[in-house]
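# Geometric and topological summary
So you can see what is in the structure, the chains are spelled out below.
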Amino acid sequence: PRITKFYGVCGMKIQANIVQGDDVDLVFNINTKANNAVNLTGAESITFQLGRLDDQDALIEKTVGDGVTVNDAAAGQITVALADTDTEELLPGTY
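Structure report, in brief.

### Let's talk about the environment of Asp 22
- As for its position among the elements, Asp 22 is in the loop between strand E2 (13–19) and strand E3 (24–29).
- A relative accessible area of 36% places Asp 22 in the partly exposed class.
- When the C-alpha positions of Asp 22 and Asp 86 are compared, they lie 8.5 Å apart, and in sequence the two are 64 residues distant.
- With residues near it in sequence (within four places) discarded, Asp 22 still touches Leu 82, Ala 83, Asp 84 and Thr 87.

Right, dumping it as structure tokens:
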């Protein structure tokens, strides 16, 4: 089974094909609507949540130190690491 689409950081729409039960690293460049990098230097917290579009509950939540890594704060780039245990229960669909 594959997850075909999901929404990630700041409601950004991304498309990723993830094999259920696999590890995956997702790299995000956080930008403003004007496509300028958001400087994450000094950010007190960064949280990634993944959930179904028709539900308010997060199925997966990652924070800095627990799955979220800031690659380049000034450029607004982060990586979200999803482990096989995170993806094993996700059914195919839009998240």
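### Considerations on the sheet that holds strand E7 (residues 77–82)
- One open sheet holds the five strands; their spatial order is E3-E7-E6-E5-E4, and the pairing between them is mixed. The sheet terminates laterally at E3 and strand E4 (47–50), the two strands that pair on one side only. Put simply, the sheet's adjacent strands are angled 25° from each other on average, direction ignored.
- Pairing between strand E5 (residues 60–64) and strand E6 (residues 67–72): two bridges, direction parallel. Note that in E6 the partner of Thr 63 across the bridge is Gly 67.

Basis of the calculations
Residues numbered from 1 in each chain as written. Predicted model: local features only at pLDDT ≥ 70, side-chain atom pairs only at ≥ 80, totals over all residues. Heavy atoms only, no water. Helix = DSSP H or I, 4+ residues; strand = E, 2+ residues; numbered from the N terminus. Buried < 20%, exposed > 50% of the residue type's maximum accessible area, 1.4 Å probe, protein only. Contact = heavy atoms within 4.5 Å. Pairing = 2+ DSSP bridges. Axes fitted to C-alpha atoms, helices over the stretch in contact; angles between N-to-C directions.

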